[in-house]
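Structural overview for review
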Amino acid sequence: MDIKEAVIKRHSVRRYLDKELDKSAVNGLKTAISEACKDSGLDIQLVLNEPTAFTGLLAKYGKFENCKNYITICGKKGREVDVGYYGERIVIAAQMLGLNTCWVALTYKKGKVPVKPRAGEKFYITIAVGYGRNRGLPRKSKSMEQVCNVGTTEMPEWFKNGIDFALRAPTAINQQRFYITLNENGSVSAKSKLGPCSKIDLGIVKYHFELGAGRDSFSWEE
Ligand SMILES: Cc1cc2nc3c(=O)[nH]c(=O)nc-3n(C[C@H](O)[C@H](O)[C@H](O)COP(=O)(O)O)c2cc1C
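Residues numbered from 1 in each chain as written. Predicted model: local features only at pLDDT ≥ 70, side-chain atom pairs only at ≥ 80, totals over all residues.

**Topic: the site of the ligand**
In the region of the ligand, 23 residues are neighbours, and Ser12, Trp103, Leu106, Pro170 and Asn174 sit closest. For the shell around the ligand, the secondary structure elements donating two or more residues are strand 3 (100-104) and helix 6 (198-213). Classifying every residue of the shell around the ligand gives 13 nonpolar, seven polar and three charged. For the shell around the ligand, the domains that each give at least three residues are domain 1 (3-130) and domain 2 (144-217). (Near = placed C-beta within 6 Å. Helix = DSSP H or I, 4+ residues; strand = E, 2+ residues; numbered from the N terminus. Nonpolar A, V, L, I, M, F, W, Y, C, P; charged D, E, K, R; others polar. Domains from an automatic or database assignment.)

**Describing the nonpolar core**
With 56 residues, the main nonpolar core has Ile90, Ala128 and Ala166 as its most contacted residues. Taken domain by domain, this core gets at least three of its residues from each of domain 1 (3-130) and domain 2 (144-217). (Core = buried A, V, L, I, M, F, W, Y, C linked by C-beta atoms within 7 Å. Buried ≥ 20, exposed ≤ 12 C-beta atoms within 10 Å, placed from the backbone.)

**Some words on the sheet that holds strand 2 (residues 70-75)**
Read across the open sheet, the four strands follow the order 1-2-4-3; overall the sheet is antiparallel. In the strand order of this sheet, the two ends are held by strand 1 (43-47) and strand 3, each with one partner. Strand-to-strand twist of the sheet, defined as the mean angle between neighbouring strand axes without regard to direction, takes the value 20°. Pairing analysis gives five bridges linking strand 3 to strand 4 (residues 122-130), with the strands arranged antiparallel. (Pairing = 2+ DSSP bridges. Axes fitted to C-alpha atoms, helices over the stretch in contact; angles between N-to-C directions.)

Put into structure tokens, the structure is as follows:
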């Protein structure tokens, strides 16, 4: 599966098979995680065979089943956008390894997680990972016009592909509270409106936009 196919096939999955991750999947995840730690300076860890953090919850967005493996992300304050960007890089790598995932900010038992942040750092979020009982489902999405400043008939092809992938990005409670601007000088700006985890969402969206548009097609502007 190539990386673009992985973006298209990814959906949140909360129900997993009662099956340990195989060696190659674990190795692939560990590689993606250590590269993300190196590039970001975040403290990202893989927790394997720990069934208690995701058990016995009545979650509004769907109950977790057989979730025993998850990724934790800790880091200094103010790193939300990087948490989203590098976390989603791991999510897409996991999809390419044949795994399914779900970002989880709230519906888990934090006290059961065996990872604690380092001094001066905070615990940001977890990402459930495993072999899904299903592959998840496409969900509702905003339209292109709602999330960017250019009409679909006027936008360059690379920008359109970027927006298409941005709309496929997971966001907390599917809020999609981001807005992408194609500036007059050809650069691109991405902003998030206030909402739960909306800065983490923004980092996820920026990673997706880069994959869709092509990293060499444009540069980001604050
Ligand atoms: C930052 C973030 C936090 C999330 N937190 C939770 C959560 O606590 N519980 C949960 O079940 N899903 C959570 N999700 C998953 C979203 O509900 C899901 O990504 C969204 O509905 C879009 O669906 P999709 O991922 O299938 O595209 C979270 C997603 C993101 C990006």
